[in-house]
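Summary of structural features
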Amino acid sequence: RKEVEQDPGPFNVPEGATVAFNCTYSNSASQSFFWYRQDCRKEPKLLMSVYSSGNEDGRFTAQLNRASQYISLLIRDSKLSDSATYLCVVNIAGNDMRFGAGTRLTVKP
Amino acid sequence: DTAVSQTPKYLVTQMGNDKSIKCEQNLGHDTMYWYKQDSKKFLKIMFSYNNKELIINETVPNRFSPKSPDKAHLNLHINSLELGDSAVYFCASSQAGEQFFGPGTRLTVL
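Residues numbered from 1 in each chain as written. Chains lettered and ligands numbered in written order. Predicted model: local features only at pLDDT ≥ 70, side-chain atom pairs only at ≥ 80, totals over all residues. Heavy atoms only, no water.

1. Quick word on the overall build of chain A
- Along chain A, the regular secondary structure elements total 0 helices and 11 strands.
- Ordered by position from the N terminus, the helices and strands of chain A form the series β-β-β-β-β-β-β-β-β-β-β.
- On the principal axes, the C-alpha backbone points of chain A span a range of 40 × 30 × 20 Å.
- In chain A, which comprises 109 residues, the proportion classed as buried is 45%.
- For chain A, the share of sequence-separated contacts (at least 6 apart) that also reach a separation of at least 24 residues comes to 56%.
- Roughly 5300 Å² of accessible area belongs to chain A as shown, and the carbon and sulfur atoms make up 48% of that amount. (Helix = DSSP H or I, 4+ residues; strand = E, 2+ residues; numbered from the N terminus. Buried < 20%, exposed > 50% of the residue type's maximum accessible area, 1.4 Å probe, protein only. Contact = heavy atoms within 4.5 Å. Areas by Shrake-Rupley, 256 points an atom, 1.4 Å probe, with all protein chains shown as cover.)

2. Focus on the overall build of chain B
- A count of helical and extended segments in chain B gives 0 helices and 11 strands.
- Reading the helices (α) and strands (β) of chain B from amino to carboxyl end gives β-β-β-β-β-β-β-β-β-β-β.
- The C-alpha atoms of chain B give 13 Å as radius of gyration, which agrees with the globular expectation for 110 residues (13 Å, within 12%).
- On the principal axes, the C-alpha backbone points of chain B span a range of 40 × 25 × 25 Å.
- Here chain B holds 110 residues, and 42% of them are scored as buried. (Rg over C-alpha atoms; globule rule 2.2 N^0.38 Å.)

3. With respect to the interface of chain A and chain B
- On the side of chain B, 21 residues touch chain A, which itself brings 15 residues to the contact.
- Roughly 1500 Å² is buried in total at the junction of chain A and chain B, and carbon and sulfur atoms are behind 53% of that figure.
- Applying the counting rule to chain A against chain B returns 1 salt bridge.
- The partner of Glu58 of chain B in a salt bridge is Arg98 of chain A, and the shortest N-O contact between them spans 2.8 Å.
- Counting the contacts that link chain A with chain B gives 4 residue pairs in polar contact (both at pLDDT 80 or more).
- Counting only elements with at least two residues in the side of chain A that touches chain B, the list comes to strand E4 (32-38), strand E5 (44-50) and strand E10 (96-99) of chain A.
- The residue inventory of the side of chain A that touches chain B, partitioned by class, reads 7 nonpolar, 3 polar and 5 charged. (Buried area = accessible area lost by both parts, 1.4 Å probe. Salt bridge = Lys/Arg side-chain N within 4 Å of Asp/Glu carboxyl O. Polar contact = N/O pair within 3.5 Å; in protein donor to acceptor, adjacent residues only side chain to side chain. Nonpolar A, V, L, I, M, F, W, Y, C, P; charged D, E, K, R; others polar.)

4. Some details on unusual backbone geometry
- Residue Gly9 of chain A is joined to Pro10 of chain A through a cis peptide bond whose omega torsion reads 10°.
- Note on placement: Pro10 of chain A falls in the loop between strand E1 (4-6) and strand E2 (11-14).
- Put simply, Thr7 of chain B and Pro8 of chain B share a cis peptide bond, and its omega is -5°.
- Within the fold, Pro8 of chain B resides in the loop between strand E1 (4-7) and strand E2 (10-13).
- For Asn51 of chain B, which is not a glycine, the phi torsion comes out positive at approximately 50°.
- With respect to the helices and strands, the residue Asn51 of chain B is situated in the loop between strand E5 (43-50) and strand E6 (53-57).
- Even without being glycine, Lys52 of chain B reaches a positive phi, approximately 75°.
- Relative to the helices and strands, Lys52 of chain B is located in the loop between E5 and E6.
- For Lys52 of chain B, a relative accessible area of 46% translates into the label partly exposed.

5. Re the packing of aromatic side chains
- Going through the model one piece at a time under the given rule, you end up with 12 aromatic pairs over all chains.
- Ring plane angle 90° and centroid distance 6.2 Å describe the contact between Phe90 of chain B and Phe101 of chain B, whose orientation is recorded as edge-to-face. Taken together, the residues Phe90 of chain B in strand E9 (residues 87-95) and Phe101 of chain B in strand E10 (residues 98-101) connect sequence positions 11 residues apart.
- Residue classification places Phe90 of chain B among the buried residues on the basis of a relative accessible area of 2%.
- The buried category is assigned to Phe101 of chain B, whose relative accessible area is 7%.
- In textbook terms, an aromatic cluster arises when at least three aromatic residues are bridged by ring pairs, as seen for Phe34, Tyr36 and Phe99 of chain A together with Tyr33, Tyr35, Phe90 and Phe101 of chain B. (Phe/Tyr/Trp six-rings, centres within 6.5 Å; stacked < 30°, edge-to-face > 60°.)

6. Topic: the environment of Pro61 of chain B
- Tracing the backbone through its elements, the reader meets Pro61 of chain B in the loop between E6 and strand E7 (64-70).
- The spatial distance from the C-alpha of Pro61 of chain B to the C-alpha of Ala3 of chain B is 29 Å, given a sequence separation of 58 residues.

Okay, structure coming up:
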């Protein structure tokens, strides 16, 4: 089983749609969790950290379920500029970060 | 001001050559990383240094040798390059969780 698994997509949605991405991780001792965004031919950038209580940043909501070892990202009212690859990242111990393969999102007019 | 910089941005070379990629961060972070992103876009950790000390060394061929002369720099030297080394190599630094990535070095081995 991969350490961090994501549905690779692609997800093709119209502007204004709500889209959800899921991620599962295998190491139950994992300590912290993040969503990163990577645009084509660019470096990954932090989108948001994921907290146990769930957290929201504008149109983006992240949730963590430690019992099921599952993380989600919800994007509401999708914009064209949300088109990117979304990477689920898990800190399994210390500074050891493991990335999912990414989920590609394309938002169309 | 670039927080994490890498040079070169593009590197095209022949099989069997030795090459280096340099990375510098001006964020004052203690931890730096090298990642490899292959053609399938999977980002895989290679090495992590904390205050110039190697703390993570994934299953990477020993042709790859990281060097950290000080905590702001982490260079990657690759000996005897192979076709399978072609990828984008990202340097990153972090403190308290968030990672900041360099722009990447696209290595093509012919």
